[in-house]
Amino acid sequence: MVDFSKLSRPKGLAAPTDPIEIFKKTPNLGDAPNDLWKGQAEALTQWHSHREASDNVIILNTGAGKSIVGVLIAQSLVNELIGPVVYVCSTIDLVRQTERECNRVGIKYTARVESSFSNDLFETGKAFCITTYASLFAAINAFKNERSPAAVIFDDAHVAERLIRDAFTINVSKLDHPSLYADIVNIVRPEFETLGKEAHLGFILEDVGQTTVTLCPPATAYRHANELIEAFKKYEYKKHRDLFFPVVQLYERIGMCAILVSSQSVEITPPFIPTSKFEFFGSKTRRVYLSATLDYETDFVRGFGVRNTHRIEPDNDAGNGERLILLGSELAKPDGQLDLVAKLASTKKVLVSVPSYPRAKKWAGLAVPPQPKDFTDQLNQFRLAKKGVFCLVSRVDGIDLPQDTCRVMVVDGAPTGSSLLERYQFASLGMTNLFSTKFASRLTQLFGRINRGRSDYGAFALYGNDITSWIKNDRNIALLPELLRKQVILGQSMQKDLGPLDYDGTMEIIQSVLGRDKGWLEFYRDTVDGLEVSNVVIERVKAREAQLAIGAEAECRFMSKLWEGDIDGARKPILDVLNDIAVADAKLAGWYSLWLGMTYEISGDDDTSGVHYRRARSRLSAWVNLPFKKSFQQGVFSTDAKTAPHERLLFVNNQGPQALSAYIARIRTQVASVLNADHSSNQHEEAVRYVGELLGFDATRPDNELGVGPDVVWFDDEQKFLIPFELKTKKAEPAEYSKDEVGQSLNHLQWVAENFKGYRCDGLFVLGPDGTCKANANPSDDLYLLTVKRFRDSLGQFLGRLEDVRGRTALERWTLINEMGQLPEWQLNGWFNLLRDRRLRDIRA
């Protein structure tokens, strides 16, 4: 045998750095591709011309061959001799898949998935290292000092935010760590007792009702940091792999974290990701992000802390497969997924996706999710099978079942995250805009599990109210990639025309797709390109997500500064964007206010923390556990707040006459915004919402936050009274209110009745210019026109009273404010009577 390794080679020939040249020089192995696809070649060419940029994002559809692009870029950077190069994958399975891609094209590599490198090529600078996000982002890792990355290729960057957050999350399972769980609950219990919320904590721990997660008061971790660390030491956390790495990560900064509690676990994690903690996000490192989709970059920025990137998005249709998408809610049996899959699986293979292991239990008669150690083997068995069911739990990426390996998928429940933070934000706080971008990305990835290429095709059925309700909303559909949007609309349109399909009808239409029925193929070809969400909706979503991406960058800067111990410096990034974020997403602005309040509370500034905590409660939910001052004192006088407006006025007055002047100015500014024709509809809605908050009420924007309901609702949880508003402020005066607009308002009243059970609503205000209602409209007696002039004048009466008070002595101010806050006219039902003008019925033309 000839030992080729001992033969001499030419000296002085530099290895090529052009990735396409590298591909051309790869060995002629049997499994190697003959040529690069057009999209791959274009991506590599563009990257090579911008290779010195700090941040390059390469966007290629699922199935378009991202891995070979990443591998060739990694080798190019190794050949450039810039220093250690790391290729990061989301899972160990994908590390192995990337290894196979390297072997296929004959490129050398090192792998690290446990505690050692597979060879010395990376350490000697001769190859890049393939590893996982968990390995790279761990507090203790092998990629430091002389191995500190000079370049990082982040594969599957569209799902990285969750993976990076995992590195900063301690999850203490009651099942796995019962004594530690009990110790931490006992540490935080006094925080709830101080607020009079011990019953709420008991409700959570006993798993009563649907509210299964709660957030401890924001400064809890700061006050109990030493106790928490001692609890982990006592439990000998170093002996538990699931605790060791995250505890080390948070050890010195655990006081800056949020603590969430459920009946089954405790989670400790920062409210935002402190990305700049890692040196490889500095200016000396080059970063390449490989993503299947990045129509909206909010979650990408939230994970990586980077917004100004060079985007490379080749024109390619790889991954744009054909899909039939059916909604279970529109079938004859909306909850008949088990029977449908049993029938399908008798002759075909079906992939079933569920969001959690409890959800998977109902599928036990058809498929049991494999244990992690058996996952790859069982998935490979499913690939080779002719029929059957494979159950996928809480996993949206890294599973490839193209072509005949699987053509039918059932999604049973929304692909929500398993973290307590995400569950709390979505289920308890209703932060649906934040969730929608994550949902869209995860759903896109799910559809890519069995639909991998342009020539691929398959059928999908979606079950569960959470997912079917979400996907019926145009604003949510607008978050999906273009072709997927069209396919979703096609499926809904087709189901509307066909009516509720029974089992036989559902089987028949699925078989039409899988059997390549000529009628189906012609219908799909002739229909799909002509479908789209309206441009108005798409542009509105684009504007919102552009603003939220700016906010995401501010979040990373805020948390990174807190991680450095710079509390004052941390506030500025959030304060700079807070008002703009409130217009785009009031709930997210409330989350920002919550953690701004925490920074002031731990600094001893109770007055400023109180301001932000009140904003947080108004924008988020009464379920937020916050320290509120209910008793107020001025000299020898003291009182307890009797109502929400009373509490608001006492709080402002206690801060002094300058605070009262600032309060008056804030309300005037918001009223002026409503009157400003140059301001957007979003700005008008947020101004009306904020006025309600400033008056002391809870205030929300259902249409902005949920995509349904009125534009604004003011509500008082103690009075159980509410006022809904539908804004028509962009109309010209004299305005004409149409039959459709009246119908829309009637629908909003119905929505309010269904979603605010137990609340009294005396009517809805259509806020807009003066005018008439069209004769063919039929408004009910509880629809009122509230002109912008009357809105301004009514607020003017309130502000006039405060102006009279402002110049008085401290004692007089105290007495008058104390009385004013309890007057019936300034409670919510009093405001309804003050604002109420004319019924729409009475101004019909």
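In this convention, every chain numbers its residues from 1, walking through the sequence in written order. With the structure being a predicted model, the display of local features is reserved for residues of pLDDT at least 70 and the display and counting of side-chain atom pairs for 80 or more, all residues being used for whole-chain, interface and lining totals. Working from all heavy atoms in the structure, the side-chain values ignore hydrogens and water.

Asks: What is the right way to read the sheet that holds strand E1 (residues 55-59) from this model?
Replies: Adjacent strands of a sheet pair through backbone hydrogen bonds, lying either parallel or antiparallel. In this scheme, strands are said to pair when DSSP sees at least two bridges between them. The numbering of helices and of strands both runs from the N terminus, where a helix is a DSSP run of H or I of at least 4 residues and a strand a run of E of at least 2. On the basis of which strands lie adjacent, the open sheet formed by seven strands has the order E3-E4-E2-E5-E10-E1-E11 and parallel pairing. Two strands bound the open sheet, and with one partner strand each, they are strand E3 (109-111) and strand E11 (310-312). Each adjacent strand pair in this sheet contributes to an overall mean axis angle of 20°, direction not counted. In this structure, strand E2 (residues 85-89) lies alongside strand E4 (residues 128-132), joined through four bridges in parallel fashion. Helix axes use the C-alpha atoms of the stretch in contact, all axes being lines fitted to C-alpha atoms, and the angles between their N-to-C directions lie in the range 0 to 180 degrees.

Asks: What am I meant to see in the side chain of Glu686 here?
Replies: Turning to its location among the elements, Glu686 is positioned in helix H29 (residues 681-694). Take Glu686: its relative accessible area is 5%, and that puts it in the buried class. Residue contacts follow a heavy-atom distance rule, with two residues in contact if any of their heavy atoms lie within 4.5 Å. Those residues in contact with Glu686 that sit more than four places away from it in its chain are Ala582, Val583, Ala586, Arg619 and Arg701. Each residue is placed in one exposure class: buried if its accessible area under a 1.4 Å probe, protein chains only, is under 20% of its type's maximum, exposed if it is over 50%, and partly exposed if it falls in between.

Asks: Can you help me understand the packing of aromatic side chains in this one?
Replies: Where two aromatic rings form a pair, the distance of their centres and the angle of their planes describe that pair. Pairing of aromatic rings covers Phe, Tyr and Trp, the last through its six-membered ring, and needs centres within 6.5 Å; plane angles under 30 degrees mean stacked, over 60 mean edge-to-face, and all others mean tilted. A full pass over the atoms with the stated rule returns 47 aromatic pairs. Members of the aromatic cluster, joined through ring pairs, are Tyr133, Phe137, Phe154, Phe168, Phe278, Phe280, Phe281, Tyr289, Phe300, Phe304 and Trp563. The ring of Phe278 is capped by Lys277, whose NZ or CZ atom sits 5.0 Å from the centre of that ring. The aromatic ring of Tyr600 is capped on one face by Arg571, whose charged end is 3.9 Å from the ring centroid. Comment: the charge-over-ring label is applied if NZ (Lys) or CZ (Arg) is within 6 Å of the ring centre and within 35 degrees of the ring normal.

Asks: Sorry, what's going on with the sheet that holds strand E9 (residues 265-269) here?
Replies: Across the sheet, which stays open at both edges, the four strands sit in the order E6-E9-E8-E7 with antiparallel pairing between neighbours. The open sheet terminates on both sides in strands that have one partner only, identified here as strand E6 (170-173) and strand E7 (213-215). Neighbour-to-neighbour, the strand axes of the sheet open up by a mean angle of 15°, direction not taken into account. Here E7 runs beside strand E8 (residues 258-262); their pairing, made up of three bridges, is antiparallel.

Asks: Is there a simple way to think about the side chain of Thr729 in this case?
Replies: Structurally, Thr729 can be placed in the loop between strand E21 (721-727) and strand E22 (735-737). Contacts of Thr729, omitting those with residues within four sequence positions, involve Val674, His684, Leu767, Gly768 and Val788.

Asks: Would you mind going over the pairing of E1 with me for this structure?
Replies: Remark: a regular strand shows side chains that alternate across the two faces of the sheet. With five of five residues buried, E1 lies mostly within the body of the structure. Across the two faces of E1 the burial is the same, with Asp55, Val57 and Ile59 and Asn56 and Ile58 all buried. Where E1 lies against strand E10 (residues 286-291), five bridges are found, and the strand directions are parallel. Note on E10: the bridge partner recorded for Val57 is Tyr289. In terms of strand pairing, E1 meets E11 through three bridges, oriented parallel. Pairing of Ile58 across the sheet is with Ile312, part of E11.

Asks: For this particular structure, what's the right way to read the environment of Asn653?
Replies: Checked against the element boundaries, Asn653 lands in helix H27 (residues 644-654). Between the C-alpha atom of Asn653 and that of Arg104, which follows or precedes it by 549 residues, the distance is 73 Å.

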